[in-house]
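# Remarks on the overall topology
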Amino acid sequence: MSYRDYVIAAYGVFAVVMLWDFFAPHIAIRQHVRAARLRAARMASNAKESGFPLSRE
Amino acid sequence: MMNPVVRWFHQLGSPPYFDRFSARWAPVAHGLGLLVMAYGLYGALFVVPADYQQGDSFRILYIHVPSAWMSMATFALMAIYAAIALIWRIKLCEILAMACAPIGAAFTLITLATGSIWGKPMWGTWWDWDPRLTTELILLFLYLGVIGLYNAIDDRRSAARAAGLLAIVGVVLLPVIHYSVTWWNSLHQGQTISLFGKSHMDASMLPPLWAMVIGTHVWFFGSLLARARADNLRREAGKDWVAKLARARS
């Protein structure tokens with residue numbers, strides 16, 4: 001009565017779901033930060049092209 | 001002068017402050033949770049003896065039970081955050097409520113999958129429309145409903161309110177899941193482990209279980225912070241502090 005394969009399968013499911021739970025938010029954070037960086041770069045290049053400074057400070 | 005705890009609570013409502021807080025504490029909670037779970041898993045797989053009736057298959061209990069508890073506790077917490085968000089319009093509580101949903105869905109999925117895998121050798125079937133199994137499946141659908149509703153509406157605040165309402169209404173399912181094994185004739189076994197009362201398990205088998213219960217709770221806290229941080233950044237996209245953060249990380 002070892003049922004080893006069932007135990008391995010159950011712990012495998014646990015490991016896979018926990019890995020997804022760990023990596024999914026980190027990937028989302030990286031994507032949001034990257035999008036913010038691209039947006040900032042786009043705004044800076046638009047300001048440069050139009051010849052107006054971004055701020056008067 | 002404001003009480004430091006109250007002041008900290010108010011500060012936490014500030015998106016940039018919450019970002020710094022979650023960036024600092026999410027990895028700590030994940031690391032600590034992993035450490036405690038590693039101790040629990042070692043005990044569950046290598047230390048505790050096999051059950052005299054179920055053999056080694058009973059070891060599935062060490063991931064099945066903590067996940068089942070987390071699936072219900074997470075839903076209750078999500079409803080509490082959603083209620084606070086609806087009543088006091090606190091944006092951070094909206095974010096936290098919605099961050100609970102995928103984590104709770106993950107724990108519910110683990111509960112159902114491990115229960116099914118455990119059920120095959122013990123009951124002779126992968127699935128049965130038993131009250132406990134069916135109500136837990138409905139819980140998964142509720143989580144998916146909350147996630148779907150939140151992502152279906154463009155306006156983040158309206159989306160969080162609609163999904164939060166579903167979470168509050170869904171709370172009625174929790175006592176049904178808990179008492180399903182008492183109210184109905186069930187294939188699923190009755191309560192064997194009690195937080196405060198007497199557990200019907202040998203004392204030598206309990207330490208890894210409590211380690212897993214604590215570990216999954218600490219892990220949950222890390223996931224909650226990480227997911228809330230991601231949603232906070234998504235909502236605040238275009239704000240100066242996010243642009244500064246992006247520049248600092250480039």
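Residues numbered from 1 in each chain as written. Chains lettered and ligands numbered in written order. Predicted model: local features only at pLDDT ≥ 70, side-chain atom pairs only at ≥ 80, totals over all residues.

### Points about the overall build of chain A
Stated formally: Helical segments are the DSSP runs of H or I of at least four residues, strand segments are the runs of E of at least two, and each set is numbered from the N terminus. Exposure in this text rests on C-beta crowding, where 20 or more other C-beta atoms within 10 Å of a residue's own make it buried, 12 or fewer make it exposed, and counts in between make it partly exposed. The C-beta atoms are placed from the backbone.
On a plain count of helices and strands, chain A comes out with one helix and zero strands. By residue count, 23% of the 57 residues in chain A fall in the buried class.

### Topic: the overall build of chain B
Within chain B, the secondary structure is distributed over nine helices and zero strands. Mapped in sequence order, the helices and strands of chain B form the string α-α-α-α-α-α-α-α-α. Viewed in the frame of its principal axes, chain B has a C-alpha envelope of about 60 × 40 × 35 Å. Buried residues in chain B amount to 40% of all 250 residues.

### Notes on the nonpolar core
Spelled out, the test is: A set of buried Ala, Val, Leu, Ile, Met, Phe, Trp, Tyr and Cys residues, joined to one another through C-beta atoms within 7 Å, is what we call a nonpolar core. For every residue pair, C-beta atoms are placed from the backbone, and the pair is scored as a contact if these atoms sit within 7 Å.
Counting residues in hydrophobic clusters, the biggest one holds 72 residues, and the most contacted among them are Ala10(A), Ile60(B), Met78(B), Leu96(B), Ala97(B) and Cys100(B). If you list the elements that add at least two residues to this core, you get helix H1 (4-50) of chain A together with helix H2 (15-47), helix H3 (61-88), helix H4 (91-123), helix H5 (131-152), helix H6 (156-170), helix H8 (206-235) and helix H9 (240-249) of chain B. Excluding its chain neighbours within four sequence positions, the residues that come into contact with Met78(B) are Ala97(B), Cys100(B), Ala101(B), Gly104(B) and Ala167(B).

### Re the interface of chain A and chain B
Note the following rule: Under this grouping Gly is polar, as are all residues other than the nonpolar Ala, Val, Leu, Ile, Met, Phe, Trp, Tyr, Cys and Pro and the charged Asp, Glu, Lys and Arg.
Taken together, the 26 residues of chain A in the interface contact 33 residues of chain B. Considering only residue class, the side of chain A that touches chain B consists of 19 nonpolar, three polar and four charged.

### As for unusual backbone geometry
Working note: non-glycine residues mostly have negative phi, and peptide bonds are mostly trans. Within the chain, Arg89(B) stands out as a residue other than glycine whose phi angle is a positive 55°. You can call Arg89(B) exposed: it has 11 C-beta atoms within 10 Å.

### Topic: the packing of H3(B) against H8(B)
All names here are of chain B. As a reminder, the rule being used: For helices, the fitted line uses only the C-alpha atoms of the stretch in contact; every axis is such a line through C-alpha atoms, and the angle between N-to-C directions lies from 0 to 180 degrees. Any angle from 65 to 115 degrees is called roughly perpendicular, while one under 35 is roughly parallel, one over 145 is roughly antiparallel, and all others are oblique. If you view the pair so one helix is near and one far, a crossing is left-handed when the near helix is turned anticlockwise from the far one by less than a right angle, and right-handed when it is turned clockwise.
Where H3 contacts H8, the axes come no closer than 9 Å and their chain directions differ by 40°. Taken together, H3 and H8 sit at an angle that is classed as oblique. Along this stretch, H3 crosses H8, giving a crossing that reads as right-handed. Residues Tyr 62, Ile 63, Val 65, Pro 66, Ser 67, Trp 69, Met 70 and Thr 74 of H3 lie in contact with H8, whose contacting residues are Pro 208, Leu 209, Met 212, Val 213, Thr 216 and Phe 220. Residue composition of the contact of H3 with H8, by class: 11 nonpolar, three polar and no charged.

### Describing H5(B)
Spelled out, the test is: Helix span is expected to be 1.5 Å times the residue number reduced by one.
Its 22 residues give H5(B) an end-to-end C-alpha distance of 31 Å, which sits within 8% of 32 Å, the value for a rise of 1.5 Å per residue. Where H5(B) is buried, its residues touch H3, H4, H6 and helix H7 (173-183) of chain B.

### A look at H3(B)
If you check H3(B), its first and last C-alpha atoms are 40 Å apart, about what 28 residues at 1.5 Å a residue would give, namely 40 Å. Trailing H3(B) by a residue or two, Arg89(B) shows a phi angle of about 55°, which is positive.

### A few points about the packing of H5(B) against H7(B)
Residue and element names in this part refer to chain B. Here H5 crosses H7 at 160°, and the two axes come no closer than 8 Å. Here H7 runs roughly antiparallel to H5, going by the angle between their axes. Here the hand of the crossing between H5 and H7 comes out left-handed. Contacts from Pro 131, Arg 132, Thr 135, Glu 136, Ile 138, Leu 139 and Leu 142 of H5 reach H7 at Leu 173, Val 176, Ile 177, Ser 180 and Val 181. Taken together, the residues of the contact of H5 with H7 break down into eight nonpolar, two polar and two charged.

### Focus on the confidence of the model for chain B
Heads up, the rule is: The score called pLDDT rates the predictor's confidence residue by residue, from a low of 0 to a high of 100.
Here chain B averages 93 in pLDDT, while 99% of its residues score no lower than 70. Overall fold confidence for the complex sits at a pTM of 0.92, while the interface term, ipTM, reaches 0.92.

### Re the environment of Leu139(B)
Mapped onto the elements of the fold, Leu139(B) is located in helix H5. A sequence separation of 101 residues divides Leu139(B) from Asp240(B), and the C-alpha atoms of the two residues are 39 Å apart.

### Some remarks on the environment of Ile193(B)
Within the element layout of this structure, Ile193(B) appears in the loop between H7 and H8. Once residues lying within four places of it in the same chain are set aside, the contact partners of Ile193(B) are Val65(B), Ser199(B), Met201(B) and Leu209(B).

### Observations regarding the environment of Leu225(B)
All names here are of chain B. Note on placement: Leu 225 falls in helix H8. Among the residues examined, Leu 225 registers 24 C-beta atoms within 10 Å and is labelled buried. A C-alpha to C-alpha distance of 8.5 Å links Leu 225 and Phe 21, two positions 204 residues apart in sequence. When neighbours within four sequence positions are excluded, Leu 225 is seen to be in contact with Ser 22, Trp 25, Ala 26 and Ala 29.

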